[in-house]
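The chain contents come next:
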Amino acid sequence: METVKIRRELLEYLLELAREFYPNEFAGFLREREGIFEEVLIAPAGHFGRNSAFFNTWMLPYDETIKGTVHSHPSPNPWPSQADLEFFSKFGGIHLIIAYPFTEESVRAYKNDGTRLRLEVVD
Ligand SMILES: [Zn+2]
């Protein structure tokens, strides 16, 4: 399995966001620096909700440091939905899904074709 790297501070912040937005989903774009995800750009309010299709209506900022997305699932199901997979295939990059109960173990990383990746937490 290929590996994707994420800074520990960012992972902890994402888990916090997922808990705060529960029972709604939150969504954001991930910025990478030197091969490690380090920063999140959170989707504007109004795009949050139980419907995963929100990504489709969110205009992407042009920013070449954005290499992935993250969103939470208010259920323990960590697998991408059909709408998620459609979005992933359009966007490319890496996609994180944080499932309930929003612990380090409930975070999964996927490639744009839905293949799982190993997530490595970097201090
Ligand atoms: Zn989803």
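Residues numbered from 1 in each chain as written. Predicted model: local features only at pLDDT ≥ 70, side-chain atom pairs only at ≥ 80, totals over all residues. Heavy atoms only, no water.

- The protein chain has the name Metalloprotease in an unreviewed UniProt entry, where Thermococcus piezophilus is given as its organism.

**Observations concerning helix α1 (residues 8–21)**
Next up, step 1: For α1, which comprises 14 residues, the first-to-last C-alpha distance of 20 Å matches the rise-based estimate of 20 Å (1.5 Å per residue) to within 8%.
Next up, step 2: Every buried residue of α1 is accounted for by Leu10, Leu11, Leu14, Leu15, Leu17 and Ala18. Around the axis of α1, the buried residues are gathered within 160° of arc, so they sit on the same side. In α1, the exposed residues that point more than 90 degrees away from the buried face are Glu9 and Glu20. (Helix = DSSP H or I, 4+ residues; strand = E, 2+ residues; numbered from the N terminus. Expected span 1.5 Å × (residues − 1). Buried < 20%, exposed > 50% of the residue type's maximum accessible area, 1.4 Å probe, protein only. Arc of directions from axis to C-beta.)

**A word on the pairing of strand β4 (residues 66–73)**
Next up, step 1: Of all eight residues in β4, seven are buried; the element is thus mostly enclosed.
Next up, step 2: Relative to β4, strand β2 (residues 27–33) is paired through five bridges, and the arrangement is antiparallel. Considered in β4, the bridge of Phe29 is made with Thr69.
Next up, step 3: Two strands pair when backbone bridges link them, and β4 and strand β5 (residues 94–99) are joined in this way by six bridges, in the parallel orientation. Counted as the bridge partner of Val70 is Leu96 from β5.
Next up, step 4: Since β4 and β5 lie parallel, the crossover through helix α3 (residues 82–91) that links them has a hand, and here it is right-handed. (Pairing = 2+ DSSP bridges. Right-handed = clockwise from strand over helix to strand, strands pointing away.)

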